[in-house]
Structure formats: structure tokens, C-alpha cells
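Reading the structure
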Amino acid sequence: MCTINRHATRTGQISIDYIAGALIFLGAVLFLMSTILNTVPEVEQIQEEDDLQLTAWGLSEVVMHDTGYWTNGSADGTDWHRHVANTTTLGLQHADSEGEGVSMQKLDTLRDLPTETLHDILGTDRSVNIAFTLLADIDTYRSFRRGNPPGFLTEPSYQYPPSTPVQYGSATLNGTQRYVLLADENEQYTQLYTSTSWDFSDSNTTFHNLTEETVITIDEIQYLVDRVAIQISDGNVLLLRRDLGRAGAVPPASTNDIVQIKRYNTVNGNVLEAVFRVWR
Amino acid sequence: MALTGGQRSGYLHALEGTLAALIVTFYLTSLVSVPSETDWTDTRISKQAADSMQALDRAGILDRAVLRQDPGTVNAMLSAMDRSLLYSIRISDIPPPQLMVGVAANESTTFQSDTSTTAQPAGAPDGYRWRDGTIRGVDFVLTDTTDDKPITYDWVNFDFDDDDVYDDGPYEFGDRFVCPGGAGGCNGASHEVGPFNDTLTLYHANTTARLAEALADTQVGGRPVTFDVQTFNDSLERIVKFDAVVAHAVPTDQVGQQRDRFEPLLDQGGAVLVTANLSGTDAGALDLDRLGFEYISEYRVIGGGDNTTTLSDTHTAGTAAYTTSSYYQNTDLRTASFTDAGGYDTGELVIRGEPVTARVYDSDTVAFGTESFALNYSTGDRVNLRANTYLIQSITPLELQPTDTHRFTGFNTPRIAGDYHLTERVHHTFNTTLYDRTAPHDTNTTSRPPGVAETPCDETAYPYRLGNVTIESGDTYDFAMVNVDYEGAHERGECNDYYEYVYFDIDDDGQFDGEEGPYQRDEIVELGDGNYTVRPFLNGTGTHLLLDGPRTVGEFPVSRDVVSGSGSVGLLGKTDLGHDDMSLMRAVLMAESQHRFWFTDPRSVGDDAYGYTYLSDVTNEPLQSYTAHTVWWYE
């Protein structure tokens, strides 16, 4: 038989209920500490994510919709691409007096900026990469059947059967008017003629056989044929993609830590897509 | 083991530990809070979608889609931009290229043939099926040219000259023709072939023919807009196939019924235009607002407005005729050539059907006969001609631009939602100078407001004035307005013009006592079942008391809500339609029919819309400007 006291005795004995209370308290404290320690990285990650999102959004807004600015103390202007050393704001937008959309000259300059310079002017310690793509649409709404073209158009040496439907149109590509014919072959518009005029019979005409992921060259510039949409429900358009290059740092292989936002504007009358990637 | 008195205190130690842990937990938790993650999805796709639409606009793709009414290119481009982005675009402010307008026929303008019998018309080839009959005194024969079953007649031939040969025709459903003189009861009038069955329906179609003629060759911003005008009888045909309908010469007591009559069309966004002869009619009594009508004054000039482009309406010397190019224009503006009159060129404009002589003195000055050439105008001046204001855009050539604007958008089309007690604010205004010093008040001391001296201010005026008010229930209450007694002014016989205190003899005992006053400005007095706000005021005609309170004016079906984007109803208060009126009708029909023009992504529309943006003033001349409302969401 033994007697268990409620308190520690002068001889160093500790009562069981006291131990139980202490263990419950310590357990709770340990659990709490563990939870807090696990929460800290989560908080940091959320803050980092928000910070990256905010950075991506802010940078994209400035780059795509601001004219940019330079100053050397005695003079200033929006043509920063001629004064890179004195540039304080990077923006691709034309000045109001110069037209709509993005300036190709500014875009070329931005693309060629060293990464450190780009980051310095953008005023961010985050890594930034901007990928530019031109989406050129050639309106091929008008049509005729082989052998019955409109008067201004001369047909090419045919590579498609008689009486097949032909869609045609033109667009400004890289500042130059270019003309296209799209010929039907078994209800697939896979035969593309490009030319420098409506005369598709001369040596300036190039034939392209369109397949998946076809890359065509017009005026020594490569375009990826994104789609040929002829049906009414899909539009009557030949859509070409042109890679306009990238600016900034090379993104890491893992996309988990990258925040991405797509922004759009126009350049030379075509749609410009800019993908902003920001990471730590 | 024996647990003695320590058992209960052991539990307490455990409880202490638990409580201590909870306290520490709560404390630390309050110090460390996990921030919620910001949802950037909405922001990101909002910016992307807004960018996309603006880029498509700048690249001219939106314009092409709108011009062709073919969203295909937009679909292709957006799909290439972001394959998971769906969209819907609703185009407003631009009319569709083709409009179907119905002119409503009624019993008096719809004619049904008699019972017909099968017969082969003289000279008709064999092999068809026929049915003959008589309508408006003219013999006809229906022909089934399809040889299908059941018999469906699709042609009608008439024998207008009554020579037993059906050589007038064939006419199909919807065809219009003019009966030759002497042809039975349809003598010389325009008629239109109605729906076929075993009998023939004919519509009197003079109005339809005139409207079709007036609407022909319409262009908006250089684009042809085709009006397909047909007569119809809504008891026989579906009205929802029309974009707009016109009910012409409706009796004034039947105006209100037209809104309900065409409810199905209004529900799907169509427009209804009613004409009625309102001369001698109290338009207010028709209660047009309650019925959802927009009253269209025949004098109203339509010349553009927000988000519209009024193209230059040019009168040029040497040109034979003026062609309106803006459908928001109902001003008939024509001219003959200018001639040299020695010292100036003179020419006659026709504005709203009335001649206006213009004199161009030199390249900088023009004067008009309506002002006896007394005023000279220069470029940039505004001149009022035939009730319309025009901006003089140039002198040589003379160009006048209508400046008054009105847009026929958003006619209210109330949903009738049952009967309501309709109340309105009612004002009772009493000019108390009428009651000044009238007997018996100046001698009846009992009706004198309390505290007011009996001393008159002068021989004719007392420091209070009396009157009475009859409220809605018919009960009449005496009231007194008391002059402000400024520092004993009343005792001194001094009065002023400010009567700020009002008493009401509410219990009709001839005295202003108890709770019957004084009421000051903006206080509320209860008279009968109504509460009225007391507003004494002074103006140039004397001292007045205004009681402002509610009044029930009756039980009416009233609008619970106004449904945006649904159909619209307009009323033109005349039936004698001239050239201007036809132009006006064109403007109304086109403007209101805009609501039915939109296109959207061919894929299904999701419910989880993230937001919307507005692209306004997307103008690419000579296109009419339009507004594209975009909605986007993710699959």
C-alpha cells in the first residue's frame, strides 16, 4: 500500500495528477509550436505568390500600355528607345501622335536589352521574362471558283482541281501588303499561295502545302500557320504566328514558381501577344 | 492503490494544464494569422479579356465581324489567344442589315374570300389543282403548283377585268399589287396577298406600300439596310417573325391595348410603333407612360446622340436632291440648284416640306427668307429653320447639320404586374391673399389664432390670415397663417409679409386650440387620413400655403420593373403621314430593332461569368459606331 500525495514532496516525489497536467500543457504547446512552424512557410509562400502576381500585373500594364519615358535632367521624352541610358520607364505604347498600339522600334529595343538593364529599368528584383508573339490574321472572306476569278486577280498555275472554291485576301505583314490564295482540296484548304500582288501567276508567288504545324516563309520571315479557318462558324481567316523574340532572364525549367500573365495589344495593325513570366 | 483526498485535486491539475494550454494557444493564434490568398484569377482574366477585345478592335477584326455579322474571325482569333476563354459579344447601336417590318391589319383591312369551289381556270394547264372563289367582288383562282399532299395552294390569279380569264397574276403570299380601276371593291387600292388555305386572305395595303416605298434605299453609314415590309393580321399569323410592327391609325381608345396585343414580339425585343390621331385628345389622359409608350412628337428632330455618328447631311449648290445618310434624321431637307441673282446666289431649300429661301452673299455669308434675310450667318453659326436648329458647316457649298438630338433607345416597356394602388404626391396650394380680411374672420375673435393681437396692422390687414382647404376626402378645414410677431410688432400694429405659423381647425369647432397649431415650415399635419407637409411661402402674388401630401388616384396596373433590353413601344400622334413622318418611322424602327442584333460564341454559355467590359465608340468610319459588350468566362 502506498500513499500518493497531491504535490511534490519535499523528498522530490511528484504526484501523478501534476504530471498529467504538465504533460497536457506541454503537449498543447508543442502542437502549437509545430503548427506555427508549419504555417510560416505557407505564409511566406502566399506572400511571395501575391507579390509575384502584383509584380507581373504591374509590369505588364506598364510595358504594354505605357509609352515609356526618359530624361537626362535637361531633356526628356517618350522615345526612350533612342535614349536607353536615360530611360526611367519602359513602355511599348506609341506616343499619341504616332498612332495606335505598340511601337515595333521600342519592342526591338526592349527585346535586345541586357537582362540586368531590363530589371534595373523595370525596378524589380524579381526575374522577368517577356515573350512576344505576333498574331497576323489574313482576311480570306472573299472567294471565287477556279476559272472565274475577279478581274483584278490572276490565278496561279493550278495545283488544285478545276472549279474548286478559292478564298483570297490580303493583309499587311511586316509593314508590306501581301496577298494570299487558299484553295480547297477535298474540303481542306491546304493549298496556300502567297504573292506580292494579286497576280499569282508570276515568279513572286510562292506555293505552300499546309499541314499540321506548317511553317511558311514570307519575305524571309518565318510564320507558323496557326489555323486556316474557312467555315462560317470558324471564321474566314488565315492565322499566322510569328515569334518576335523574348526579353529578360531565361525562365527556370520548373513552372511551379513562375507567375504568368498574358497581355495583348497591336503592332503594325496585327495583334501582339506578350506573355509575362515573373519568378524569384 | 488507495486514492484518498487527492483524487479530486488531481483532476484539477489536469484541468489547469488544459486551460493554460488553451490560453497560450489563443494568445499565440492571435499573434500569428495566416493571410488569405489573394484571388488573382479574376484580375488576370479581366485584363486579358479587356486586352483581347481592344486588340481585336484595333486590328479591325471586330469591325469586320460586325459589318458581316459573322463572329467567325473573332472566334478564331480568341481561340488562338486563349483556348479556354469563352466570350459573348452583344453589339448595340448598330442596326442589322435586314429588317422585317410588319404592318398590322385589322378587321376592316382584312378581307376573306367566300367559300370556294374547285374549278380549272380558263386557259390553265392541266395537272394542277385549283380552287376558285370571289373576294372583294373579284374572281380568283388558287393554284397548287407543288402537287404535294395535302393540298397547299401557293399561287393566286385574279380576273380583274371580269372576262372569265384569270390572267392577273400569279401572286404569292406577301406579294403586293394595285387593283386596276373598276375591279370590284378593291378598285385602285394597294392590296397584299395574305396566308393561303382553302380560302384567300387579302389585306388592304396602302399604308404598307407607302411605308415600303419610304424605307427603300436606306443606307446607314454607307451600308444598305433592307426593309422587308409586310402586312399581317396577328390573329392569323405569327408576329414574332418581325423585328418591328406598325399599327397604323389606331383609335385613341384602343392605343393602350396595342402593347398587350404585341406582347410576344416585345418580349423578344421587337419594336412596336403605333400611330393614332391625337388631335383634340388629351394625351395626358391616355397615360402613355403607364402603358409604356414613348410619345414621339412629330416635331422632334432626330440627329444623333451618344454613341451615334451623324454623318454629314449636305446640301450643295448645284445638286438636285438631298439624300439623307443618317437614319437618326427625320428632317426632310432638299433643294433646287442655286442661281446667280446679281450680288448673291439664291436657292430654295425645302425643310420639313416647307420652302426656305437662302441667299449666299459671298463665300462667308448666308441669310434666310424665314428671317427676311435680316440676319447674316457665317460658318459655325446656328440657325433655326422650321423649328429645327441647324449648324452651318459651310457656306460654299451650303451645308446644314441638324443639331437637335434624340435617341430612340430604351423605351420603357413595363411588365404589367397586377393591380396596385397608385399614389402620387399632390400639392394643395392656397393663395391666402384671397382670404385677407374677409368676414367673419376679422370680427370673429374665436377664430383668431391664440396669442395673436386683435389689433389690425392697418385698416385692411391683420397679423393673421384665414383660409380653408379641402382635402382629397372632401373634408374642409379652416386654417390660419400667423404673421411673425417680431418684438411685439402685432401690438404695435405692424405686419410683415412672412406668415410662418399655421393653425388648422382640425376638430371643426371654430377655434384654433389644443394641438391644432402652430405648425411651422416642413412640419406635418394630419388631416383626415392623410399627412401633409406644411409649406407656407411668399412669392410675387402674395402669401401662400402649400400642403404637400399623398393622394390615391386610383387602382391601375403599374410597372413593377422595367426590363432592359426588351421591346419598345412608340406612339406617333398622327395618322396623316408625310415624308418626314415616314423618315421618322424609319428612324424609330431601325433604332429599336438594334436590340435584336447580337452574336455570341457558338459554344454553350456558362453561368460562371467572371465579369464584363465595355468597348464603346469603336468607330471606324464610315461604319456606324457601335458598342460591344463582352462577357467572358472559363470552361
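All values reported here derive from a predicted model rather than from experimental measurement.

Observations concerning the sheet that holds strand β1 (residues 69-71) of chain A
All names here are of chain A. The antiparallel open sheet is built from 3 strands, whose spatial order is β2-β1-β3. On the outer flanks of this sheet lie β2 (76-77) and β3 (87-89), each paired with one strand and no other. Pairing between β1 and β3: 2 bridges, direction antiparallel. Pairing of W70 across the sheet is with T87, part of β3.

What about the nonpolar core?
Core analysis: the largest hydrophobic core is formed by 46 residues, its most contacted members being A:L92, A:L110, A:F132 and A:L240. Tallying contributions element by element places strand β4 (residues 127-139) of chain A first for this core, with 6 residues. Sequence-distant contacts of A:L110, that is, excluding residues within four places in its chain, are made with A:V63, A:W80, A:L90, A:L92, A:L118, A:I130, A:F132 and A:A247. In this structure, B:A244, B:V246, B:L273 and B:M582 belong to the second largest nonpolar core, which totals 19 residues.

A short note on the packing of aromatic side chains
Counted by the stated rule, this structure contains 19 aromatic pairs over all chains. Ring geometry for A:F152 and A:W198: centres 5.3 Å apart, planes at 65°, overall edge-to-face. Taken together, the residues span a long stretch of sequence, with A:F152 in the loop between β5 (142-145) and β6 (165-173) and A:W198 in the loop between β8 (188-195) and β9 (206-209) at a distance of 46 residues. Accessibility expressed as a relative area gives 17% for A:W198, which makes it buried. By the ring-pair criterion, three or more aromatic residues cluster together here, those being A:F144, A:F152, A:Y168, A:Y179, A:W198 and A:F200. Geometry around B:F111 places B:R136 over its ring, the cationic atom sitting 3.8 Å from the centre. Positioned above the aromatic ring of B:F373, the side-chain terminus of B:R359 is 3.7 Å from the ring centre.

Considering the pairing of strand β26 (residues 476-483) of chain B
Residue and element names in this part refer to chain B. The buried count for β26 comes to 6 of 8 residues, which makes it a mostly enclosed element. In this structure, strand β25 (residues 464-470) lies alongside β26, joined through 7 bridges in antiparallel fashion. Within β26, the residue paired with Y464 across the bridge is V482.

Details of the sheet that holds β9(A)
Remark on secondary structure: sheet strands pair via backbone hydrogen bonds, oriented parallel or antiparallel. Residues and elements named next belong to chain A. One open sheet accounts for 5 strands, arranged β5-β6-β7-β8-β9; its pairing is antiparallel. Across the chains shown, the open sheet's two edge strands, defined by having one partner strand only, are β5 and β9. The sheet shows a mean angle of 25° between the axes of neighbouring strands, direction not considered. The pairing of strand β7 (residues 176-185) with β8 spans 7 bridges and is antiparallel. Directly across from V180, in β8, lies its bridge partner T194.

Some thoughts on the pattern of salt bridges
All names here are of chain A. If you walk through the whole model with that rule in mind, you get 15 salt bridges over all chains. Between R111 and D108 there is a salt bridge, and its shortest N-O distance comes to 2.8 Å. Separated by 3 residues within a single helix, R111 and D108 lie in helix α2 (residues 104-112), roughly one turn from each other. Given a relative accessible area of 25%, R111 falls into the partly exposed group. A salt bridge links R111 to D112, with the nearest nitrogen and oxygen atoms 4.0 Å apart.

Conventions we followed
- The residue numbering used here restarts from 1 in each chain and proceeds along that chain's sequence as written.
- Key to labels: chains lettered from A, ligands numbered from 1, both in the order written.
- A pLDDT threshold of at least 70 governs which residues receive local features in this predicted model, and a stricter bar of 80 or more applies before side-chain atom pairs are shown or counted, although totals over entire chains, interfaces and linings include all residues.
- Excluding hydrogens and water, the side-chain values take into account all heavy atoms of the structure.
- Pairing between two strands requires that DSSP report at least two bridges joining them.
- Numbering of helices and strands runs from the N terminus, with a helix taken as a DSSP run of H or I at least four residues long and a strand as a DSSP run of E at least two residues long.
- Take the buried Ala, Val, Leu, Ile, Met, Phe, Trp, Tyr and Cys residues and link them wherever side-chain atoms come within 4.5 Å; each set so joined is a nonpolar core.
- Partly exposed describes any residue whose relative accessible area lies between the buried limit of under 20% and the exposed limit of over 50%, with all areas from a 1.4 Å probe on protein chains only and scaled to the type maximum.
- Only heavy atoms matter for contacts: two residues are in contact if any of them lie within 4.5 Å across the pair.
- Only centres within 6.5 Å qualify two rings of Phe, Tyr or Trp (six-membered ring in Trp) as a pair; their planes then separate them into stacked at under 30 degrees, edge-to-face at over 60, and tilted for everything else.
- Note on criteria: charge over ring means Lys NZ or Arg CZ within 6 Å of the ring centre, with the direction from the centre no more than 35 degrees off the ring normal.
- Whenever a helix is involved, its axis is fitted only over the stretch in contact; in every case the axis is a line through C-alpha atoms, and angles between N-to-C directions fall within 0 to 180 degrees.
- Each reported salt bridge corresponds to a side-chain nitrogen of Lys or Arg within 4 Å of a carboxyl oxygen of Asp or Glu.

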